[in-house]
Amino acid sequence: AADFELPGSAAFNLFDYNLFMPFGNGADGTADHPDGYAGGWIYGTGGAGWDADGTGASDDGGAGGQGGLFGGDGGAGGDGFDGGDGGAGGSAGWFAAFSHAGAGGAGGDNGGVGGAGGDGAVLAWISDAGAGGAGGSGGGNGGKGGNVGYFSWFSSAGAGGDGGIGGGAGGKGGSVGDLSWFSN
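Before going into details, it helps to say that this report is about the structure given with it. None of the values given here were measured: they were computed from a predicted structure.

What the protein chain contains, in helices and strands, is zero helices and four strands. Shown N-terminal to C-terminal, the secondary structure of the protein chain runs as helices and strands in the order β-β-β-β. In terms of overall dimensions, the protein chain is globule-like: its C-alpha atoms have a radius of gyration of 15 Å, near the 16 Å expected for 184 residues. Dimensions of the protein chain, computed from C-alpha atoms along their principal axes, come out at roughly 40 × 35 × 25 Å.

The structure is reproduced here in structure tokens:
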């Protein structure tokens, strides 16, 4: 299908973009559609994932929407509820310089795992990845930090999320892609 994932890049789907909306921010997730919507395909910030509250079909938080291909930040992942996992942060667009990917949502109480941070741009300078979400109390593990793609100079990989109270392990930090000079 249209899913793409390059090494060190964000996984995203070209069909997440509304081709009739080149500019604008994506809507936030709801109980009926927990994932945030993508920003405009040229420029726009992705919507935040829905914070689960026990009223939806799942206790997991929604994923943040991806930013526009050429500009805009990824949306934050939603928080989990009562053992549900946090949603993954939205990725920055492939060519979105000066952008930030969304942070992962926190895991719900009773051991929910924190969401993974969104990945930074693949071919753009100064595009930071999102931090992983914190694990929920009761031993939830922290989420993995987002990665920085190729040629993303002066960018930072995302830090792993803190482990939850009660023995949760901290999340693994993100990695920096090849040829991403002056990045950490």
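Picking up after the structure, the text goes on.
A word on the environment of Asp73. In this fold, Asp73 is placed in the loop between β2 (12–13) and β3 (99–100). Separated by 47 residues in sequence, Asp73 and Gly120 have C-alpha atoms that sit 9.1 Å apart. When sequence neighbours within four positions are dropped, the list of residues in contact with Asp73 reads Gly44, Thr45, Gly46, Gly67, Phe98, Ser99 and His100.

The next point concerns the packing of aromatic side chains. The tally for this structure, following the rule as stated, stands at eight aromatic pairs. Centroid distance Trp94 to Phe95: 6.3 Å. Interplanar angle 85°. Geometry classified as edge-to-face. Arranged with centres 5.8 Å apart and planes meeting at 75°, the rings of Trp153 and Phe182 form a pair that is edge-to-face. In this pair, Trp153 is assigned in the segment after β4 (127–128) and Phe182 in the segment after β4, connecting sequence segments 29 residues apart. What links up through ring pairs into an aromatic cluster is the set Trp125, Trp153, Phe154, Trp181 and Phe182.

A word on the side chain of Asn147. Its location among the elements puts Asn147 in the segment after β4. Owing to a relative accessible area of 15%, Asn147 belongs among the buried residues under this scheme. Within the structure, the side chain of Asn147 is placed 2.8 Å from the backbone nitrogen of Ser175, a separation counted as a polar contact.

Moving on to unusual backbone geometry. Positive phi outside glycine occurs at Asp82, with the angle close to 45°. Its place among the elements puts Asp82 in the loop between β2 and β3. Positive phi outside glycine occurs at Phe182, with the angle close to 60°.

Side chains of Phe70, Phe95, Phe98, Leu123, Trp125, Ile126, Phe151, Phe154, Leu179, Trp181 and Phe182 sit close together on the surface and give an oily, nonpolar patch of about 1,200 Å² of accessible area. Assignment of secondary structure puts Phe154 in the segment after β4. By relative accessible area, Phe154 is classed as partly exposed at 41%.

Inspection of the secondary structure assignment puts Gly24 in the loop between β2 and β3. Relative accessible area serves as the criterion here: at 27%, Gly24 is assigned to the partly exposed category. Separated by 19 residues in the primary sequence, Gly24 and Tyr43 have C-alpha atoms spaced 6.6 Å apart. Apart from the residues within four sequence positions on either side, Gly24 is in contact with Gly39, Gly40, Tyr43, Gly44 and Thr45.

Definitions and limits used
Residues numbered from 1 in each chain as written. Predicted model: local features only at pLDDT ≥ 70, side-chain atom pairs only at ≥ 80, totals over all residues. Heavy atoms only, no water. Helix = DSSP H or I, 4+ residues; strand = E, 2+ residues; numbered from the N terminus. Rg over C-alpha atoms; globule rule 2.2 N^0.38 Å. Contact = heavy atoms within 4.5 Å. Phe/Tyr/Trp six-rings, centres within 6.5 Å; stacked < 30°, edge-to-face > 60°. Buried < 20%, exposed > 50% of the residue type's maximum accessible area, 1.4 Å probe, protein only. Polar contact = N/O pair within 3.5 Å; in protein donor to acceptor, adjacent residues only side chain to side chain. Patch = residues over 30% accessible without salt bridge, like charges linked within 9 Å, V, L, I, M, F, W, Y side chains within 5 Å. Areas by Shrake-Rupley, 256 points an atom, 1.4 Å probe, with all protein chains shown as cover. Salt bridge = Lys/Arg side-chain N within 4 Å of Asp/Glu carboxyl O.

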